[in-house]
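Observations on the model geometry
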Amino acid sequence: MRMAFLTAQQLAFIFGLLGNIVSFLVFLAPVPTFTKIYKKKTSEGFHAIPYSVALFSASMLLYYALLQTDKLMIVSINIIGCVIEVAYLTIYIVYAPWANKIWTFKMIFVLNIGSLGSVALLTMLLAKGESRVTAVGYVCAAINLAVFAAPLSIMRRVIQTRSVEFMPFNLSLFLTLCATMWFFYGIFVKDFFIAVPNVAGFVLGICQMLLYIVYKYVIKNPETNLKQHEETKESPVYPCVKEGLELKGVISN
């Protein structure tokens, strides 16, 4: 009896599809934040940086994928990501104080128009064919690695405060799954600009979950536990996403 094996192309499709599904869910992670902004009619107290950086990353990955003919999975999720991030930034700007509106517009101009436009222009003028793909691939990999390092500050805060309030386990789990899916997709399509950064994403995701378990169930902060117990009595509803981790979540592909 012959055993059927999936080809590399079929496996790439499967992991790419799973990566799209998980990434889409991660893109939706900030929805509770913007629901809160809409209800309060103000975005004061929140920051636009994670969404501007996420838009920049998704746009860069989209540009990278469009330079090739076999990266439909990367194209699809990053088109969706760009649309979602533009929607987030629009809501933020609508409900932001005037000073924050101006600052956000400046940031979008510098990061999403200036930086993206500069990379596109330079690679169009100075590189051709595979050289252009390689150059943009290095830029995308560098951005992903930088963003994967962002939650290190949250992990440090967990260690200092002995509280996991700002590092939800479910989000860390989904980010780890996302990195895993895109790692295997990158391996099967032989695209190491996609695969390698997601190794860092997987390792950091595992570290976040272990840290959560340690400080949630092993090492406990008495003051935090008392506060959480009192808050549970007053209100059982907690926000499911903390803004400090949203930045990483949207750039895992």
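First things first, this report covers the structure right here in the doc. (Residues numbered from 1 in each chain as written. Predicted model: local features only at pLDDT ≥ 70, side-chain atom pairs only at ≥ 80, totals over all residues. Heavy atoms only, no water.)

1. A look at helix 5 (residues 98-126)
Where we set the bar: Secondary structure is summarised from DSSP: a helix means a run of H or I of at least four residues, a strand means a run of E of at least two, and numbering begins at the N terminus for each. For a helix, the expected span equals 1.5 Å multiplied by the number of residues minus one. Relative accessibility decides the category of a residue: with a 1.4 Å probe and only protein chains considered, values under 20% of the type maximum give buried, values over 50% give exposed, and everything between is partly exposed. Should any heavy atoms of two residues lie within 4.5 Å, those residues are considered in contact.
With 29 residues, helix 5 extends 40 Å from end C-alpha to end C-alpha; this agrees with the ideal 42 Å at 1.5 Å per step. Inspection of helix 5 places Lys101, Thr104, Met107, Ile108, Asn112, Leu116, Val119 and Thr123 among the buried residues, and these make up the whole buried set. Along its buried surface, helix 5 packs onto helix 3 (49-66), helix 4 (72-94) and helix 6 (129-149).

2. Observations concerning the nonpolar core
Under the convention used in this document: Residues grouped as a nonpolar core are buried Ala, Val, Leu, Ile, Met, Phe, Trp, Tyr and Cys residues, joined through side-chain atoms within 4.5 Å.
Met60, Tyr64, Tyr92, Trp182, Tyr185 and Ile194 are the most contacted members of the largest nonpolar core, which has 50 residues in total. Of all the secondary-structure elements, those providing two or more residues to this core are helix 1 (8-27), helix 2 (31-40), helix 3, helix 4, helix 5, helix 6, helix 8 (169-188) and helix 9 (192-218). In terms of residue count, helix 3 provides more of this core than any other element does, eleven residues in total. What Tyr64 contacts, discounting residues up to four positions off in sequence, is Val133, Val136, Gly137, Cys140, Asp191, Phe193 and Ile194. Core analysis: the next-biggest nonpolar cluster, separate from the first, contains eight residues, Ile154, Val158, Leu211 and Tyr212 among them.

3. Quick word on the pattern of salt bridges
To be explicit about the condition: By salt bridge we mean one thing: a side-chain nitrogen of Lys or Arg within 4 Å of a carboxyl oxygen of Asp or Glu.
Taken as a whole, this structure holds two salt bridges when the rule is applied. With a closest N to O distance of 3.3 Å, Asp70 and Lys71 form a salt bridge. Of the residues examined, Lys71 reaches a relative accessible area of 4% and is grouped as buried. Across the pair Lys71 and Asp191 runs a salt bridge, and its minimum N-O distance is 3.7 Å. Here Lys71 is found in the loop between helix 3 and helix 4, whereas its partner Asp191 is found in the loop between helix 8 and helix 9, with 120 residues between them in sequence. Overall, Asp191 belongs to the buried group, its relative accessible area being 4%.

4. A short note on the packing of helix 6 against helix 9
Here is the rule we go by: Orientation is described by axes fitted as lines to C-alpha atoms, over the contacting stretch for helices, and by angles from 0 to 180 degrees between their N-to-C directions. Roughly parallel here means an angle under 35 degrees, roughly antiparallel means over 145, roughly perpendicular means 65 to 115, and every remaining angle is called oblique. Nonpolar residues are Ala, Val, Leu, Ile, Met, Phe, Trp, Tyr, Cys and Pro. Charged residues are Asp, Glu, Lys and Arg, and all others, Gly as well, are polar.
One can describe the packing of helix 6 onto helix 9 by two numbers: an axis separation of 9 Å at closest approach and a directional angle of 5°. With respect to helix 9, the axis of helix 6 lies roughly parallel. Across from Thr134, Gly137, Tyr138, Ala141, Asn144, Leu145, Phe148 and Ala149 in helix 6, the residues of helix 9 making contact are Phe193, Pro197, Asn198, Ala200, Gly201 and Leu204. Tallied by class, residues from the contact of helix 6 with helix 9 come to nine nonpolar, five polar and no charged.

5. Digging into the packing of helix 7 (residues 152-161) against helix 9
Describing two packed helices takes the angle between their axes plus the distance from one axis to the other. Convention followed: It is the rotation of the near helix from the far one that decides the hand of a crossing: anticlockwise by less than a right angle makes it left-handed, clockwise makes it right-handed.
Packing of helix 7 against helix 9 brings their axes to within 11 Å, and their N-to-C directions diverge by 15°. In this view, helix 7 runs roughly parallel relative to helix 9, as classed from their interaxial angle. Read as a crossing pair, helix 7 and helix 9 show a hand that is left-handed. When helix 7 is examined against helix 9, the residues Leu152, Met155, Val158 and Ile159 are found in contact with a partner set consisting of Leu204, Cys207, Gln208, Leu211 and Tyr215. Grouping the amino acids of the contact of helix 7 with helix 9 by side-chain chemistry returns eight nonpolar, one polar and no charged.

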